[in-house]
Amino acid sequence: MRITYYLFKKAVTSFDQVWRDGGNTPGGSYVMVPLKGTVPFEAEAHLQANKPAAPGWWSFVEPYCDVAPSAPLNRTSSFVLLIKVSGRVFAVTFGQGFAAINRARLEPDFGLKVTLNSVNPKKLRSVQARNIDPTTVSKQHVVNQDSGLAVFDVDFYHDLLSRLEGVPDDGAFGKRVAGADACYLTGEVPFPDLGAKCTQLLKHYGSKAYAKHFSFIDQVRPIRDEVLIGVLDRKLALALKTSDVTALGFALPDIAGYERIHGYRVSRGHWNQDFDDLNALDILTAYNGQHPDADDHLDVKITAVTDDGSAVDVFSVRQGAVFQTRYKGRVYVLTLNKWYEVHPEYAQHVDAEVDRLLVIKAKGFLPTLQKGTSEGDYNADASTSKGMALMDKRVVRPTGATSTIEVCDLFSAKGDFVHVKKHTRSATLSHLLAQGTVSARLFVDDKGYRQTFRKALPAALRTLVDPDKVEPGKHSVVYAISAPASRAVPSQLPFFTKVNLLFHSRELQRMGLTPRLFHIHEV
């Protein structure tokens, strides 16, 4: 069977510290049940039995159906087994038991580290990765047979490994191991052997065996210094309190079960509000509007719910935050509920690569941006003053597609695809970079796309686009980013935006196009 294990941080030394929202108090929904016979480890068992809940669809059909109120109720049971070995507290959960424990007190990389240190690197089955960016893209790759890491085609220069699954090197350890925060271990384990299994998990968690095959994970290194973590958390709390999303976003800690999520319920105390998406600005605006003097933002709870209101996942704002900051000259990133220091050599490498990107130095390439001018008005003015085709909001439909995309904001007489974005907020820049890559790929690959785009251009510029013959080397993709003249672009962009920029630049270069940057001065 498949069993889910969690490991709590060293500060958790007793079972009464593991519970969410004040603990498993008398009158709570979980009841402690006695263990039969002699169990060879210290443990407590807690059961939540037959919890009734109306399915989400019932409110839709109930007014028109003559059914007893109790008839449609679903009844669920959950179980939490707490185990202590070698002074460390573990939780083994079944059903919705994960929702009862305090996730903030868990070792956030427990399952991933156990998997990295125990899996056979040639027998991987699935990889989950996410980019380090407030606009977080989580990817899951699954293969139909045991494979090495290269088969998954994940760019770990750009993405952070967040979950891994495969076959353990030691068959006695289990048949399948997977992990992110939790460790999921498949195999035959008699109940009395669960304590010994936790001891094995703890050994794998502390191992350094991963360095032989997965050394890339050290380019961003987890921070253990609690004092430093406190400093960084205060910087995060300030960004939350001021709704500063310049380098901040929210993302699911684990995308397992994503297809079941209908929405998100954000709550703290007696306040709660539902949201369709994990939009950091929307959530913080709502919370700060109701709680202008609050200092508890890190503990605000987010529940991912199904259409019947059942919890798919429960996590705090801190656990879902993706945030970047600098402190004493070093770059720190919060993601997957853990602070990481970007390895100085990796940071220097990224900075050096960004410095090598082509930057348009001619200040007259585009006009300055007057404060208060909308992006649309700016593009219209630039089109007129610089003799470029205005393509802003003019969309093109790729061949066979039902949706349309915007090719670029401006198209120059030299064949430049110019993408314009006001300000340097990471979320908006992520959209800008992705738009440039997607548009370029369609331009190179899709004849129908080129034909439609050519028709949308002024007659004087149509000769730059040949629907039947693509010459990528004649075109460049220009990312035009506005910022005050005192701010250096791209050197002062957020670190994870630089990583994202390099990723998209390499994609454009592989297609034969030249990526370039331009700093629009805000005045």
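Since the model is a prediction, treat every value here as computed from it, not as a measurement. (Residues numbered from 1 in each chain as written. Predicted model: local features only at pLDDT ≥ 70, side-chain atom pairs only at ≥ 80, totals over all residues. Heavy atoms only, no water.)

A. How the structure looks around the pattern of salt bridges. Applying the stated criterion across every chain yields a total of 19 salt bridges. Where Glu165 meets Arg176, a salt bridge forms, and the shortest distance between an N and an O atom there is 3.3 Å. Placement of the pair is Glu165 in strand S8 (residues 159-168) and Arg176 in strand S9 (residues 176-179), with a sequence separation of 11 residues. Linking Lys498 and Asp351 is a salt bridge whose minimum nitrogen-to-oxygen distance equals 2.8 Å. Of this pair, Lys498 sits in helix H11 (residues 495-510) while Asp351 sits in helix H7 (residues 344-355), placing them 147 residues apart in sequence. Here Lys498 falls in the buried class, since its relative accessible area comes to 3%. (Salt bridge = Lys/Arg side-chain N within 4 Å of Asp/Glu carboxyl O. Helix = DSSP H or I, 4+ residues; strand = E, 2+ residues; numbered from the N terminus. Buried < 20%, exposed > 50% of the residue type's maximum accessible area, 1.4 Å probe, protein only.)

B. Summary view of the packing of helix H2 (residues 110-118) against helix H3 (residues 194-205). It is at 8 Å that the axes of H2 and H3 come closest, and there the two elements cross at 80°. Comparing the axis directions of H2 and H3 gives the class roughly perpendicular. Where H2 abuts H3, its residues Phe110, Lys113, Val114, Asn117 and Ser118 lie against Leu201, His204 and Tyr205. In the contact of H2 with H3, the residues fall into 4 nonpolar, 3 polar and 1 charged. (Axes fitted to C-alpha atoms, helices over the stretch in contact; angles between N-to-C directions. Parallel < 35°, antiparallel > 145°, perpendicular 65-115°, else oblique. Contact = heavy atoms within 4.5 Å. Nonpolar A, V, L, I, M, F, W, Y, C, P; charged D, E, K, R; others polar.)

C. Geometry of the pairing of strand S18 (residues 330-335). Of all 6 residues making up S18, 5 are buried, and the element is well covered by its neighbours. Direction of pairing for strand S17 (residues 321-327) relative to S18: antiparallel, over a ladder of 5 bridges. Paired with Gln324 across the two strands is Val333, which belongs to S18. Between S17 and S18, which pair antiparallel in sequence order, lie 2 residues; one of them, Lys328, sits at a positive phi of approximately 50°. As paired strands, S18 and strand S19 (residues 338-342) are joined by 4 bridges and run antiparallel to one another. Within S19, the residue paired with Tyr332 across the bridge is Glu341. Here S18 folds back onto S19 in antiparallel fashion, the turn holding 2 residues, of which Leu336 has a positive phi close to 55°. (Pairing = 2+ DSSP bridges.)

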